[in-house]
Amino acid sequence: QVQVVESGGGLVQPGGSLRLSCAASGSIFSVSAMGWYRQPPGKQREWVATITSGTTTNYADSVKGRFTVSGDNAKNIVYLQMDSLKPEDTAVYYCNADIRTYSSSRWTGDIKYWGQGTQVTVSS
């Protein structure tokens, strides 16, 4: 009932920039937060950045100062601006959306939905 779709991945040279987009759609009443994860080749998925519905942002140490997450709450869209890209940033990037659930109009928790991923390759 909820779809999360990432886009914007591609090949970029070291030091370059790329902007990823993510849109959540479907049966959504309220979004608690949206964020980004990535999975480098042969490694486990790791958290990258998060933006809450209150626009608070958090970043993994590995991307602080280089990546910027922003969003359009009204449209349930989140962006990840990636600057000063490094080869180690190469990964499949996944977007997630924490969707609030309700029972009798009372918030009961969140369900995390995931996109299909978009490939980012940083190479010369």
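The paragraphs below set out a description of the structure included in this document. (Residues numbered from 1 in each chain as written. Predicted model: local features only at pLDDT ≥ 70, side-chain atom pairs only at ≥ 80, totals over all residues. Heavy atoms only, no water.)

Some words on the pairing of strand β1 (residues 2–7)
Here β1 shows a buried face lined by Val2, Val4 and Glu6 and an unburied face lined by Gln3, Val5 and Ser7. Pairing between β1 and strand β3 (residues 18–26): six bridges, direction antiparallel. Along β3, the bridge assignment pairs Ser7 with Ser21. (Buried < 20%, exposed > 50% of the residue type's maximum accessible area, 1.4 Å probe, protein only. Helix = DSSP H or I, 4+ residues; strand = E, 2+ residues; numbered from the N terminus. Pairing = 2+ DSSP bridges.)

Structural notes on unusual backbone geometry
With phi around 55°, Asn76 is a residue other than glycine that occupies positive phi space. If you trace the backbone, Asn76 turns up in the loop between β7 (67–72) and β8 (77–82). With relative accessibility at 18%, the residue Asn76 sits in the buried group.

Digging into the side chain of Asn96
With respect to the helices, strands and loops of the structure, Asn96 is situated in strand β9 (residues 91–103). At a separation of 3.2 Å, a polar atom in the side chain of Asn96 contacts the side chain of Asp98. Ignoring any residue separated from it by four or fewer positions in sequence, one finds Asn96 in contact with Ala33, Met34, Gly35, Trp36, Tyr37, Lys112, Tyr113 and Trp114. (Polar contact = N/O pair within 3.5 Å; in protein donor to acceptor, adjacent residues only side chain to side chain. Contact = heavy atoms within 4.5 Å.)

Notes on the sheet that holds β1
Reading across the sheet, the four strands line up as β1-β3-β8-β7 and stay open at both edges, with antiparallel pairing between neighbours. On the outer flanks of this sheet lie β1 and β7, each paired with one strand and no other. Pairs of neighbouring strands in the sheet enclose a mean axial angle of 15°, with direction left out of account. With six bridges connecting them, β3 and β8 associate as antiparallel partners. If you follow Cys22 over to β8, its bridge partner there is Val78. (Axes fitted to C-alpha atoms, helices over the stretch in contact; angles between N-to-C directions.)

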